[in-house]
Amino acid sequence: MFDVIVIGGGHAGAEAARVCARGGVRVALVTMLRAAIGRMSCNPAIGGLAKGNLVKEIDALGGLMGEATDRAGIQFKLLNRSKGPAVQGPRAQCDRDLYAAAVRKILEEEPNVTIVEASVSSLLRDGAGVRGVVLKDGTRLGAHAVIVTTGTFLRALMHSGEQKTVGGRFGEPAAETLSDSLRDLGLKLGRLKTGTPPRVDRTSVDFSKLEEAPGDAEPRPFSILTDRLALPQVLCHLTYTGSFAHELIRANLHRAPMYSGQIHATGPRYCPSIEDKVVRFAEKERHQVFVEPEGLEHPWLYLNGISTSLPPDVQDGVVRSLPGFENAVIARYGYAVEYDFSNPEQLDPTLQARGIDGLFLAGQINGTSGYEEAAAQGLLAGINALQTIRGGAPVILRRDQAYAAVMIDDLVTQGTEEPYRMFTSRAEHRLLLGCDSVYERLSPIAARLGILDDGRKRRVEARVARMQRARDAAESASVTPDRETLIWLGSANVSLNEKATIARLMQRADFDIERFTNVCEPVLPDVADAFRALSGEESDGVVSQLRYAGYIERQQREASRQADEEGLRIPADMSYRLPGLSREMVEKLSFVRPVSLGQASRIPGVTPAAISIVRMHLRRGVVQTV
């Protein structure tokens, strides 16, 4: 008997198991292969645009992805550095083997986690709830809550050209019977598809013909626990497809499973295969291919940009047409994976299956793509399973609090028919969701829940205090345009026409905080000391917060207005057969069963007039139940 059973040892399962264990409950992490825990199925990288924000949110809530990334990262880069902070994203290329080893080590060091190497054949029901699992060998494990994080393994089928193989990942079996158990509980399942590119022997590549793609000169870690990145940093490279590859792909589309009719599932819109790129973007003469090492000592290169399920002979031709790859040896061919998923509109915002007590779903089973999206769901599903066991209030983050909240709200309110990927454009309050303020927003929540360790808590408090001190110093110190001031400001490349605070000067796009700090010390020692105490990331964060203060305040006011709607809770058993509501509105609202008026307003097709009717009944307290 356990408190929580987590099915699957991928990115979602690892976060769910760890956070529940940190909450003091007994966890069984059931995985088909212990050695596959934390394995990076596709790209050996963490983060990116919006995805990097998710990783920082996970770290602020006490999760493990940032820690593991820092232990395994071999190239760190801040994407979109030339643009505003709202659309920047940290990313790290990782050593594939070291990342998985780091995740396993973190879980093995948790005394409340028991790793069970087995396959789950079915779920144990108890009335309207789930209370455990049955393993393939007949063993029964009981629990108060079960979190399903099966990734791409439910009835999984791998495709490489005309060849089909049962399995959720190269060399690993599929979960064949668990889908039936989910259907028996009333969940409707669909099919999605993902894919991976070929891997190439690095010794067979001529790097002199490739463009260099370096990381940042001063790499920044993901986790607040990391003082120093221990691993050496490496180069990535860039090459391009050309007309030969495109013609070869077009000539063999009839052999591509997505075009031959062999695969009927929907693939990712925003990470298409090279076949899809050639067809959908026929006007493009070339496509980027990022050449990324699988690890410091790993013999393979990952070809990011040519995910494919074309037959091996076609993949050989495409790869060897790339500049620098004329003599390339493919170590593993690319393939597609088709798998079952449960449309997330069947979930509550806690990620518990609606109407099924104790069953939570997280990760690719909910129709998402990407390690980061999976990990964030696993963490929040774990938190809510923990709260269920404790008898505590559910944890539902607001859209102005976290990208994870935007993602979950999108999924449970709108559902998905294709693999969902997080983008900054999905967040209406993205200025409030930057990495600079993530610990202030989310760590207090984790601390109240008792899932933030003391070391992380101390570091968060110290970081928040340092940044607040710098903001206060910049807002309180001012300069006037006298002769002496203009001279030293000029050496910092700052002009001045009227008296202004330092915070006001920072609102200029060309303001250089490092240069300013160096020259202002004799005149404004408090400002210099406050900013010198910050890390580079913290300093950039303070400058951004002051530079965009007006816009941030405007979004905060908008979020506050919307909070009224979010705060108007809807009873779980409310009847929507209200005077004035059409049958269509009743059906839509009854299907999603929103937890708040705010969520109701985001259901596709629900009209403002319908929301007004629901609001009126809620505020009058005239609510009928089903």
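Anything mentioned here points back to the structure above.
Draft legend 1. The arrangement of the side chain of Lys193 in detail. Residue placement: Lys193 occurs in strand β13 (residues 189-196). Despite its burial, Lys193 pairs with no opposite charge; the closest candidate is Asp276, at 5.4 Å N-O. Among all residues touching Lys193, those that are not within four sequence positions of it are Met258, Ile263, Ala265, Thr266, Gly267, Pro268, Ser273, Ala336, Val337, Glu338, Tyr339 and Pro419.

Draft legend 2. Molecular detail of helix α22 (residues 608-620). The first and last C-alpha atoms of α22 sit 18 Å apart over 13 residues, in line with the 18 Å expected at 1.5 Å per residue. Residues Ala610, Ile611, Ile613, Val614, His617 and Leu618 constitute the buried set of α22. Viewed end-on, α22 has its buried residues packed into an arc of 160°, placing them on one side of the element. Across α22 from its buried face, at more than 90 degrees, point the exposed residues Pro608, Ala609, Arg619 and Arg620. Turning to α22, the residues buried within the fold contact α19 (549-567), α20 (583-592) and α21 (597-601). Backbone geometry just after α22 places Gly621 at a positive phi near 75°.

Draft legend 3. Structural view of the environment of Arg456. You can see Arg456 is positioned in helix α13 (residues 454-476). The spatial distance from the C-alpha of Arg456 to the C-alpha of Leu225 is 6.3 Å, given a sequence separation of 231 residues. Other than its neighbours up to four places away in sequence, Arg456 contacts Arg18, Asp59, Gly62, Gly63, Glu67, Ser223, Ile224 and Leu225.

Draft legend 4. Region of the structure containing the sheet that holds strand β10 (residues 145-148). The strand order β6-β2-β1-β10-β21 describes an open sheet built from five strands, whose pairing is parallel. Taken across any chain shown, the strands that pair with only one partner, and hence form the sheet edges, are β6 (113-117) and β21 (359-361). Taking the axes of each pair of neighbouring strands and ignoring which way they run, one obtains an average angle of 20° across the sheet. Where strand β1 (residues 4-7) and strand β2 (residues 27-31) come together, four bridges link them in parallel fashion. Paired with Ile5 across the strands is Ala28, a residue of β2. The strands touched by helix α1 (residues 11-22) are β1, β2, β6 and β10; relative to β2, the strand with the most contacts, the crossing angle is about 165°.

How each quantity is defined
Residues numbered from 1 in each chain as written. Predicted model: local features only at pLDDT ≥ 70, side-chain atom pairs only at ≥ 80, totals over all residues. Heavy atoms only, no water. Helix = DSSP H or I, 4+ residues; strand = E, 2+ residues; numbered from the N terminus. Buried < 20%, exposed > 50% of the residue type's maximum accessible area, 1.4 Å probe, protein only. Lys, Arg positive; Asp, Glu negative; His and termini not counted. Salt bridge = Lys/Arg side-chain N within 4 Å of Asp/Glu carboxyl O. Contact = heavy atoms within 4.5 Å. Expected span 1.5 Å × (residues − 1). Arc of directions from axis to C-beta. Pairing = 2+ DSSP bridges. Axes fitted to C-alpha atoms, helices over the stretch in contact; angles between N-to-C directions.

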